[in-house]
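# Structural features, examined
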Amino acid sequence: RKEVEQDPGPFNVPEGATVAFNCTYSNSASQSFFWYRQDCRKEPKLLMSVYSSGNEDGRFTAQLNRASQYISLLIRDSKLSDSATYLCVVRNNNDMRFGAGTRLTVKP
Amino acid sequence: NAGVTQTPKFRILKIGQSMTLQCTQDMNHNYMYWYRQDPGMGLKLIYYSVGAGITDKGEVPNGYNVSRSTTEDFPLRLELAAPSQTSVYFCASQNPGQARETQYFGPGTRLLVL
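Residues numbered from 1 in each chain as written. Chains lettered and ligands numbered in written order. Predicted model: local features only at pLDDT ≥ 70, side-chain atom pairs only at ≥ 80, totals over all residues. Heavy atoms only, no water.

## Here's the deal with the packing of aromatic side chains
All told, the structure shown has 13 aromatic pairs over all chains when counted by the stated rule. With centroids separated by 6.3 Å and ring planes inclined at 85 degrees, the aromatic side chains of F90(B) and F105(B) adopt a geometry described as edge-to-face. Of this pair, F90(B) sits in strand β9 (residues 87-94) while F105(B) sits in strand β10 (residues 104-105), and the two are 15 residues apart along the sequence. F105(B) carries the same exposure label as F90(B), and that label is buried. Through a chain of ring-to-ring contacts, the aromatic side chains of F34(A), Y36(A), F98(A), Y33(B), Y35(B), Y48(B), F90(B) and F105(B) assemble into a single cluster. A cation over an aromatic ring shows up here: R68(B) above the ring of F74(B), its NZ or CZ 5.9 Å from the ring centre. (Phe/Tyr/Trp six-rings, centres within 6.5 Å; stacked < 30°, edge-to-face > 60°. Helix = DSSP H or I, 4+ residues; strand = E, 2+ residues; numbered from the N terminus. Buried < 20%, exposed > 50% of the residue type's maximum accessible area, 1.4 Å probe, protein only. Lys NZ or Arg CZ within 6 Å of the ring centre and 35° of its normal.)

## Focus on the interface of chain B and chain A
Between chain B and chain A, the residue contacts involve 22 residues of the former and 22 residues of the latter. Between chain B and chain A lies a buried interface of about 1800 Å² when both sides are counted; carbon and sulfur atoms form 49% of it. Linking chain B with chain A are 1 salt bridge, by the criterion used here. Across the contact surface, chain B and chain A share 4 residue pairs in polar contact (both at pLDDT 80 or more). Of all the elements in the fold, those that place two or more residues in the side of chain B that touches chain A are β4 (31-37), β5 (43-51) and β9 of chain B. Among the residues forming the side of chain B that touches chain A, the class breakdown is 12 nonpolar, 7 polar and 3 charged. (Contact = heavy atoms within 4.5 Å. Buried area = accessible area lost by both parts, 1.4 Å probe. Salt bridge = Lys/Arg side-chain N within 4 Å of Asp/Glu carboxyl O. Polar contact = N/O pair within 3.5 Å; in protein donor to acceptor, adjacent residues only side chain to side chain. Nonpolar A, V, L, I, M, F, W, Y, C, P; charged D, E, K, R; others polar.)

## Structural notes on a nonpolar patch on the surface
A contiguous nonpolar surface patch, about 320 Å² in accessible area, is contributed by F10(B), I12(B) and L114(B). Looking at the secondary structure, you find I12(B) in strand β2 (residues 10-13). (Patch = residues over 30% accessible without salt bridge, like charges linked within 9 Å, V, L, I, M, F, W, Y side chains within 5 Å. Areas by Shrake-Rupley, 256 points an atom, 1.4 Å probe, with all protein chains shown as cover.)

## Some points on the pattern of salt bridges
All names here are of chain A. The tally for this structure, following the rule as stated, stands at 10 salt bridges over all chains. Residues E56 and R76 are paired through a salt bridge, measuring 3.5 Å at the closest nitrogen-oxygen approach. Taken together, the residues E56 in strand β6 (residues 55-57) and R76 in the loop between β8 (70-75) and β9 (84-92) connect sequence positions 20 residues apart. Between D82 and R59 there is a salt bridge; the shortest N-O distance is 2.8 Å. Of this pair, D82 sits in the loop between β8 and β9 while R59 is found in the loop between β6 and β7 (60-65), placing the two residues 23 residues apart along the sequence.

## Here we look at the sheet that holds strand β3 (residues 19-25) of chain B
Residues and elements named next belong to chain B. On the basis of which strands lie adjacent, the open sheet formed by 4 strands has the order β1-β3-β8-β7 and antiparallel pairing. In this open sheet, the two edge strands, each paired with only one partner strand, are β1 (4-7) and β7 (64-66). On average, each strand axis in the sheet is inclined to that of its neighbour by 20 degrees, with strand direction left out of account. With 3 bridges connecting them, β7 and strand β8 (residues 76-78) associate as antiparallel partners. Of the residues in β8, the one forming a bridge with N65 is R77. (Pairing = 2+ DSSP bridges. Axes fitted to C-alpha atoms, helices over the stretch in contact; angles between N-to-C directions.)

Have a look at this one:
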């Protein structure tokens, strides 16, 4: 079993749609959780950290369920510029584990 | 600040050749990391360092070596290149002051071993 698992997609959605990504992790001792965004042939960049109480940043909402070892990312009112691969990342001390990513394409 | 810089951007190696991938950061971050990313896959940690003179193995260290003589530089060495090392290599740095502090990535080095 992979340590961090994501639906690879691709997700193809029209502009304005709401899309949700899921992620599960296997290490119950994991301490911190993140969503990164990676554009084609570019480096990953932090989109948002994920807090136990859930958190929102504009059109993006992240949720964490420690009991189920599950993380989600919701994107509302999708923009063309949201097209990218979204990486779920789980941290335990100095060990960062990345999911393979979920690819999103937002179409006009 | 330039952030995290990596050189070269792209390199083709023959099997058995050696090379060093350079990584430099100007943010005075203590923590630095090397990852590889194969097509369609997530990043895998090769080596990391929590400060000058200290290095530790990550998930996939075989075939690689690192050193950390200064805070700024964290070179990755491939001694005997193999086709399985064809990948994109990312260096990252982090300020360990906060557990949720982001990692800042360099632009990557694309390596092809033939």
